Structures are given as structure tokens and as C-alpha cells.
Amino acid sequence: MRCVVFGATGYIGGRLVPELLAAGHSVAVLARDPGKLDDVPWRDSVEVLRGDVTCAADVRAALAGREVLYYLVHSLTRADFTRIDRDAAEVVAAEAGRAGLARIVYLGGITPSGQTLSRHLASRAEVGEILLRSATPTVVLRAAVIIGSGSASFEMLRYLTERLPVMVTPRWVRNRIQPIAVRDVVHYLTGAAGLPDSVNAAFDIGGPEVLTYRGMMRGYAEVAELPHRLIVPVPVLTPWLSAQWVNLVTPVPRAIAVPLMESLVNDVVCADRRVADHIPDPPGGLTPYRRAVGLALQRVRALDVPTRWSDASPSDAPSDPLPTDPEWSGGSAYSDVRERNTGADPAILWSVLESIGGTNGWYSFPLAWALRGWLDRLLGGAGLHRGRRHPNRLREGEALDWWRVERLERGHRILLRAEMRVPGRAWLELTVTPLTDGGARYRQRALFDPHGLAGHLYWHAIAPFHAAIFGGMVRNITTAAERTATTPGSLIGHSK
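This text gives an overview of the structure that appears in the document. (Residues numbered from 1 in each chain as written. Predicted model: local features only at pLDDT ≥ 70, side-chain atom pairs only at ≥ 80, totals over all residues. Heavy atoms only, no water.)

1. Some remarks on the pairing of strand β19 (residues 440-450)
Regular strands show a simple pattern: their side chains alternate between the two faces of the sheet.
Now for step 1: In terms of burial, β19 is largely enclosed, as nine of its eleven residues are buried.
Now for step 2: By the bridge criterion, nine bridges tie strand β14 (residues 334-342) to β19 in an arrangement that is antiparallel. The partner of tyrosine 334 across the bridge, within β19, is phenylalanine 448.
Now for step 3: Bridge analysis of strand β18 (residues 424-434) against β19 gives eleven bridges, and the strand direction is antiparallel. Bridge pairing in β19 links glutamate 429 to arginine 445.
Now for step 4: Between β18 and β19, which pair antiparallel in sequence order, lie five residues; one of them, glycine 438, sits at a positive phi of approximately 100 degrees. (Buried < 20%, exposed > 50% of the residue type's maximum accessible area, 1.4 Å probe, protein only. Helix = DSSP H or I, 4+ residues; strand = E, 2+ residues; numbered from the N terminus. Pairing = 2+ DSSP bridges.)

2. Regarding the environment of alanine 193
Now for step 1: Relative to the helices and strands, alanine 193 is located in the loop between α6 (182-191) and β11 (201-205).
Now for step 2: For alanine 193, a relative accessible area of 1% translates into the label buried.
Now for step 3: In this structure the C-alpha to C-alpha distance between alanine 193 and histidine 25, which are 168 residues apart in sequence, comes to 9.3 Å.
Now for step 4: Aside from chain neighbours lying at most four places away, what touches alanine 193 is Met1, His25, Val68, Tyr70 and Arg103. (Contact = heavy atoms within 4.5 Å.)

3. Topic: unusual backbone geometry
Now for step 1: A positive phi angle, close to 60 degrees, is found at glutamate 225, a residue other than glycine.
Now for step 2: Relative to the helices and strands, glutamate 225 resides in the loop between α7 (213-223) and β13 (230-234).
Now for step 3: Here tyrosine 363, not a glycine, exhibits a phi torsion of approximately 60 degrees, which is positive.

4. Remarks on the packing of α7 against helix α10 (residues 289-301)
Now for step 1: Where α7 contacts α10, the two axes come as close as 9 Å, and the packing angle between them is 55 degrees. What the angle tells us is that α7 and α10 run oblique. Where α7 crosses over α10, the two elements pack in a sense that is right-handed. From α7, Met216, Met217, Gly219, Tyr220, Glu222 and Val223 reach across to α10, where they touch Tyr289, Arg290, Val293, Gly294 and Leu297.
Now for step 2: Split into classes, the residues belonging to the contact of α7 with α10 amount to seven nonpolar, two polar and two charged. (Axes fitted to C-alpha atoms, helices over the stretch in contact; angles between N-to-C directions. Parallel < 35°, antiparallel > 145°, perpendicular 65-115°, else oblique. Left-handed = near helix turned anticlockwise from the far one by under 90°. Nonpolar A, V, L, I, M, F, W, Y, C, P; charged D, E, K, R; others polar.)

5. Description of the nonpolar core
Considering soluble globular proteins, one finds that nonpolar side chains tend to be buried as a cluster.
Now for step 1: In terms of nonpolar packing, the biggest core is built from 41 residues, with Val29, Tyr70 and Leu107 touching the most fellow members.
Now for step 2: Taken together, the elements giving at least two residues each to this core come down to β1 (2-6), α1 (11-22), β2 (26-31), β4 (68-71), β5 (103-109), β6 (138-143), α6 and β11.
Now for step 3: Once you skip the residues sitting within four places of it in the chain, leucine 107 turns out to touch Ile12, Tyr71, Leu72, Arg124, Leu141, Ala143, Ile146, Val185, Leu189 and Ile205.
Now for step 4: In terms of nonpolar packing, the next biggest core, distinct from the first, is built from 38 residues, Ala344, Leu400, Ile469 and Ala480 among them. (Core = buried A, V, L, I, M, F, W, Y, C linked by side-chain atoms within 4.5 Å.)

6. Things to note about the side chain of arginine 229
Now for step 1: For arginine 229, the location among the structural elements is in the loop between α7 and β13.
Now for step 2: Of the side chains with opposite charge, glutamate 162 lies nearest to the buried arginine 229, which makes no salt bridge, at 7.7 Å.
Now for step 3: A polar contact of 2.8 Å, which involves the side chain of arginine 229, links it to the backbone oxygen of threonine 161.
Now for step 4: At 3.2 Å, the side chain of arginine 229 and the backbone oxygen of glutamate 162 are in polar contact.
Now for step 5: If we ignore the near neighbours within four places in the chain, the residues touching arginine 229 are Thr161, Glu162, Leu164, Pro165, Met167, Arg218 and Ala221. (Lys, Arg positive; Asp, Glu negative; His and termini not counted. Salt bridge = Lys/Arg side-chain N within 4 Å of Asp/Glu carboxyl O. Polar contact = N/O pair within 3.5 Å; in protein donor to acceptor, adjacent residues only side chain to side chain.)

7. So, the sheet that holds strand β17 (residues 413-418)
Now for step 1: Across the sheet, six strands lie side by side as β14-β19-β18-β17-β16-β15; this open sheet has antiparallel pairing. Where the open sheet ends on each side, the last strands, each with one partner, are β14 and β15 (399-400).
Now for step 2: Sheet analysis places strand β16 (residues 403-409) next to β17, joined by six bridges and oriented antiparallel. Looking at β17, one finds that arginine 407 is bridged to leucine 415.
Now for step 3: Lying on the sheet, helix α14 (residues 466-486) is in contact with β14, β18 and β19; it crosses β14 at an angle near 25 degrees.

8. Some thoughts on a nonpolar patch on the surface
Now for step 1: Together, Val166, Val168, Leu230 and Val232 make up a nonpolar patch on the protein surface, roughly 330 Å² of accessible area in all.
Now for step 2: Elements with a minimum of two residues in the nonpolar patch: β8 (166-170) and β13.
Now for step 3: Residue position: leucine 230 is located in strand β13.
Now for step 4: The class for leucine 230 is partly exposed, based on a relative accessible area of 44%. (Patch = residues over 30% accessible without salt bridge, like charges linked within 9 Å, V, L, I, M, F, W, Y side chains within 5 Å. Areas by Shrake-Rupley, 256 points an atom, 1.4 Å probe, with all protein chains shown as cover.)

9. With respect to the packing of aromatic side chains
Now for step 1: Scanning the model with the defined rule gives ten aromatic pairs in all.
Now for step 2: Taking the centre distance of 5.4 Å and the plane angle of 10 degrees together, the rings of tyrosine 334 and tryptophan 459 count as stacked. Of the two residues, tyrosine 334 is situated in strand β14 and tryptophan 459 in helix α13 (residues 452-462); the sequence distance between them amounts to 125 residues. The pair tyrosine 334 / tryptophan 459 is uniform in exposure class, with both members buried.
Now for step 3: When the ring of phenylalanine 448 is compared with that of tyrosine 458, the centres are 5.5 Å apart and the planes differ by 45 degrees; the resulting orientation is tilted. Of the two residues, phenylalanine 448 sits in strand β19 while tyrosine 458 sits in helix α13, which places them ten residues apart along the sequence. (Phe/Tyr/Trp six-rings, centres within 6.5 Å; stacked < 30°, edge-to-face > 60°.)

10. Observations concerning the environment of arginine 340
Now for step 1: One can find arginine 340 in strand β14.
Now for step 2: The exposure class assigned to arginine 340 is partly exposed, which follows from its relative accessible area of 35%.
Now for step 3: When the C-alpha positions of arginine 340 and glutamine 444 are compared, they lie 8.9 Å apart, and in sequence the two are 104 residues distant.
Now for step 4: Setting aside chain neighbours within four positions, we find arginine 340 in contact with Ala440, Arg441, Tyr442, Val474, Arg475, Thr478 and Thr479.
Now for step 5: A distance of 3.2 Å separates the side chain of arginine 340 from the side chain of threonine 478, its partner in a polar contact.

This is the structure in C-alpha cells:
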């Protein structure tokens, strides 16, 4: 069938597309920034369209000539995500009807009856209802916690369990949850494409076991071969307070942790198994929880995580190009430019740059970076916990500590956009230029577009530290390239 995927740059969408292709479907994808898909292995097998789901004209163009729409978009990181997701769903529902689509497939969350829903679950339910009321036959698949390498739920579970041998937890860790492996979610999504027009309904999907969050943490500890975890529930911890702790201990920032924690207050268990009447279970049956955890850990340890929750940019991410000079913002943008020549081969210098961040560090004043990262976490930002997807290979669009890889010209240029909490917008540009007489020039440019007086004061407050931080980066990066050139096979992770 002729399918189009909205949300292909996200966690589930990036895993669904190759499965649709393997099933023989023709696939197009809609993305606000198509460049984020340049390095995915299936890029040349799909049609990539630029557009925004809130723009009717973009949606109309993307649906032209298609039969099945996979709608995998949500705006969880925005404070007003409920309104944004409602508006986008209404646009998509209207345009799908005009296009005469055969099917919409949407992935939402299990919504238990008789309970007060969190904002997150209520918003997912609302989007599902908007699509089900449309003129297009719709299947809404509703899942609870998704277990897979790189998912926000799995990363939260992994970091909490691995880092905290003793946990004081909210009493809702005793609530019932029916987790599902990401491979099974993708199986159901793929199978939904071929359902007959008469099917217009919502179906709960879940794994074969009903657990508690406490049971999930202890199960994770067993699979990861960790000592027994002591978990003490107390009645005083609210979901909001719990989210602050998750924000500090795990890579999941407060903007995502709060709605996820609010959702755990509800029992999220499949109400029935009606989905099996329309889509058969995966070959071999549904994946048990401990096996799902084991498969996810295998991928993490093998550095084979195809998609991560953090790869999806916030819906309000700036789309303006990098300023080329201070005149870009009326003369108010600030820059710090540093260059240094090195005798190292350009390819070796590039390998150092592409390995920056994560456990490899930022080649300058590690204590200052760590303190700034913790401050950012306290303010609800990304901090340094997100790390890297791979130790020495970047993709455009992926998260890198508190940066986003906005542009990647392999072998030449990396453009990072800051996602830390700052009163303005910031970029860091790293460039390698070969020299005619051998060696390379490394150029590093930090730019900051201040917002209001606070932005200007912020830049001037940190300016005295630039020589130590940015100057140290230039020296240490070029030195690391030279040392790597003289030590074949050496690792690039020794100069935080």
C-alpha cells in the first residue's frame, strides 16, 4: 500500500518505516526538518517531504496519492501540548477526509475507564477520538509503557534501577502496568495498514504480563544482574516531586518526566484482547517483559540503538539558520571565534570532532561543564545526561548532551544548537578545513542570540570564562588529533 508516516523522525516512527518497507509497502515521510533523515539507513527507499502537521497545505500535499496515514506525532515537551496536539489532529482529520484516504493508524495510550486521567493520557485519548470521528476509517492502538532500547520509559526505568540500589518511591509504584516490547508495537502498527474499511475502532495492546512499576524495576535488576533493589513506597511523594528526581537522576528532562509520572498514577492495563480478532499476535507470541528488557540491553551494550526518544526535536525548536555575523539579529548577536592549525590529517581531526561529548567529554574544563550540566537539569533542561547515541558516529538531528546536531557535513562541519536553559538561542559550530601544505585548520565558533536584557547580561557574565573553556577546547582538540595521529589505534575518549 502507499503509506505516509507523520513522525518518522521520532522513536516509534524511525522503527516503523523499515518494517513497512520490508512488508512491501511504498513509504513517504513528512518531517519539519528532512535533513534529520539524511543518515538513516532507509533514506533512499522513501520519499521525504518537508512540512508541518499543523499546516493544512503541508498535510494536503503529503496525503496526495496516499492510502494509509500513520500518525505518530505529539508535542509532549511543550507546556501547551494539549492544545497543539488537538489543533494538529483536527487539521489531519479534515485533510485525510478530503484526500479520500483508506486508513489512519494512530498510536496512543491506554486510557482506563472510571479514573481521572493525567493530562498526557487525556490528550492522547482526545487525539484518538478526533481521528475516530473523522471521515477516514481509523485504528487507534493504545499502549502503556513501551520497553525498547532508547525509549523514554525504558531509559527512565534503566537509570533509576541502575543508579539507585535503595529507592524511596511514591505509593503508585504498586499500580498495575501492562508493558509491551517495542517490536510488538511495531508489529501491530504494520499489521493495521491492511485492515478493511469497516474497522474504525480503538484497541488496547500490551505484553503478556501485568506488573507493577516496582515489579518492573526488580525485573530489570534481575535481567541486568544487579543486586536486589530495596524499594520503599511512601505516601508523600507526588508525581510532580517524583519527576524532579527523575529529571536529576535520568536523561529524561522534567518536561517529559512530569507527564510520564502523572500517567503512572493510573492503572494502565488492557481492557480486552479484541485486537487479536483483527491483527494476529507476532510470530512466536508476545514478548515477555524480561525478554524485552534483555533485548533492549543487548542493543544498548552493542551500540545498536536505531532510534532514541531524544532524537525527536521539541515542537518549538528554532528553525532559523545559523547567523553568519552579528548583523543577523540587528547587531545584537554575540560570537566567540577561535582557530588553530594542526599538522594532523583532516580525517583524524574530524574523527576527534565527531567523537565529542558523552563519555568522551568536551576537551575543556570538565568541572565547569559538569556544573553547568547539573544547573541545567535543576532548571528542567537537558543537561549532560542524554550523552551520545554512538561513541564516535553522529547523525543529523540527534541529541548530543545538551546540544542538538542541527547540521552535519561529514568530514567538514558540525553545527550544534543548544537545548540548555539560557535566555536566548545558542549554537556551536566546529569546522575542519584541509591546508594546501598538509594538516588542517580547526575553526570553532560559538554564537549567542540574546533574548532581552537577561540574555545580554548572561553573555557578559560568562564571557570571562570563554578563554578557559573555548580556548581550552581548541588547544585540546587539536592536541588530541595530533596524539591520535602518532598513536595508531588509540581511543578518542581520553581528554575530557
